[in-house]
Amino acid sequence: MESPFKADIVKGKVALITGGGSGIGFEITKEFGRHGASVAIMGRRKSVLDSAVSSLRSLGIQAIGLEGDVRKKEDAARVVDSTFEHFGRIDILVNAAAGNFLVTAEDLSPNGFKTVMDIDSVGTFTMCHTALKYIKKGGLGRGMSGGGTIMNISATLHYTAAWYQIHVSAAKAAVDAITRSLALEWGTDYDIRVNGIAPGPIGDTPGLSKLAPDEMKINHSEDARPLYKAGEKWDIAMAALYLASDAAKYINGMTLVVDGGNWLSRPRHISKEAVKELSRVVEKRSRSGAPAPARGVPSRSKM
């Protein structure tokens, strides 16, 4: 789809994206590059990074790939420093690295729970903490005109509750808390805007293929999930572009939900036709002053 933003909306900026070699992270990386930014992507698999960088460069985007695990402080430091050494500054940090899998709570080991927490929440904080010296106002490679921006990719699973996702729900709730707390502290002290994006189900992503594989039978009927509609990676990339741009200069500490309203979905417990009929009956009774019929009260003959 054609972007609604000007081609130079993030021109001259340098973005570091964790998990930027595939899925949503790669789409964000690609759109940042198409709109003028230089990009560095961090990931654990060299083959994925090499393929992503090759694809980006074929589009004329200045891109580098850096191997690293967000769970390791030494990897975070090496990747952040290497990005600065290559481009001379860091303006945007996007924490898109994540781990997920379907599992019941009783079958989830404490180690499995910890692994997802380490990638999603601890990894997010580790990258933010490591990049602070470059992103803050007056930081290395940056003048006193202002700080950079951080974006944390979250989810909507923890807004209510999600089946077989206790580990990710806990991790993403922590990510949202990190976003708000850093927005308060670092927004005040260092002029850094910290925001999040909570994607809904996004088609053609590793995440959706794990959580809703082809073998799984899901009821997507209008009555079961009235607002269900899978989004596109492009939708999340456009949200990221907006938050990275000057158009969002007054937005801080917000997690932007991009799911078409899906998290609001509830089964329709009564049809429209039935509502109309009931409304007429209730209104007629109300005007006549007749008492409403008792519900759930046993008659004396049955007591």
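This text follows the structure it describes.
Caption draft 1: The arrangement of the pattern of salt bridges in detail. Throughout the structure, instances matching the rule amount to 11 salt bridges. A salt bridge links Asp91 to Arg89; its shortest N-O distance comes to 2.7 Å. A single network of salt bridges, built from pairs that share partners, joins Arg89, Asp91 and Arg142.

Caption draft 2: Region of the structure containing the sheet that holds strand β7 (residues 255-258). Reading across the sheet, the seven strands line up as β3-β2-β1-β4-β5-β6-β7 and stay open at both edges, with parallel pairing between neighbours. What marks the edges here is a single partner per strand, and that holds for β3 (63-67) and β7. Recorded for the sheet is a direction-independent mean angle of 20° between the axes of neighbouring strands. Judged from the four bridges that link them, strand β4 (residues 92-95) and strand β5 (residues 149-153) form a sheet pairing that is parallel. Considered in β5, the bridge of Val94 is made with Met151.

Caption draft 3: Summary view of helix α3 (residues 73-87). Between its first and last C-alpha atoms α3 spans 21 Å; for 15 residues at 1.5 Å apiece the expected length is 21 Å, and the two agree. Among all positions in α3, only Asp75, Ala76, Val79, Val80, Thr83 and Phe87 are buried. An end-on view of α3 places all buried positions within 125° of arc, on one side of the element. With respect to the buried face of α3, the exposed residues turned more than 90 degrees away are Lys73, Glu74 and Glu85. With its phi angle positive at about 85°, Gly88 sits one or two positions after the end of α3.

Caption draft 4: Up close: the packing of aromatic side chains. The tally for this structure, following the rule as stated, stands at three aromatic pairs. Both rings, one in Phe84 and one in Tyr134, keep their centres 4.5 Å apart while their planes meet at 25°; by these two values the pair is stacked. Separated by 50 residues along the polypeptide, Phe84 in helix α3 and Tyr134 in helix α4 (residues 110-135) bring together distant segments of the chain. Geometrically, the ring pair formed by Trp163 and Tyr164 is tilted, given 5.7 Å between the ring centres and 50° between the ring planes. For Trp163, a relative accessible area of 71% gives the class exposed.

Caption draft 5: Representation of helix α2 (residues 46-58) in the model. Taking 1.5 Å per residue, 13 residues should reach 18 Å; α2 reaches 18 Å between its end C-alpha atoms and fits that length. Listing the buried residues of α2 in full gives Leu49, Ala52, Val53 and Leu56. Along the axis of α2, the buried positions cluster into a sector of 100°, meaning they face one direction only. Exposed and oriented more than 90 degrees from the buried face of α2 are Ser47 and Ser58. Looking at the buried positions of α2, the neighbouring elements they touch are α1 (23-34), β2 (38-43) and β3. Looking one or two residues past α2, Gly60 carries a phi angle of roughly 85°, positive in sign.

Calculation criteria
Residues numbered from 1 in each chain as written. Predicted model: local features only at pLDDT ≥ 70, side-chain atom pairs only at ≥ 80, totals over all residues. Heavy atoms only, no water. Salt bridge = Lys/Arg side-chain N within 4 Å of Asp/Glu carboxyl O. Pairing = 2+ DSSP bridges. Helix = DSSP H or I, 4+ residues; strand = E, 2+ residues; numbered from the N terminus. Axes fitted to C-alpha atoms, helices over the stretch in contact; angles between N-to-C directions. Expected span 1.5 Å × (residues − 1). Buried < 20%, exposed > 50% of the residue type's maximum accessible area, 1.4 Å probe, protein only. Arc of directions from axis to C-beta. Phe/Tyr/Trp six-rings, centres within 6.5 Å; stacked < 30°, edge-to-face > 60°. Contact = heavy atoms within 4.5 Å.

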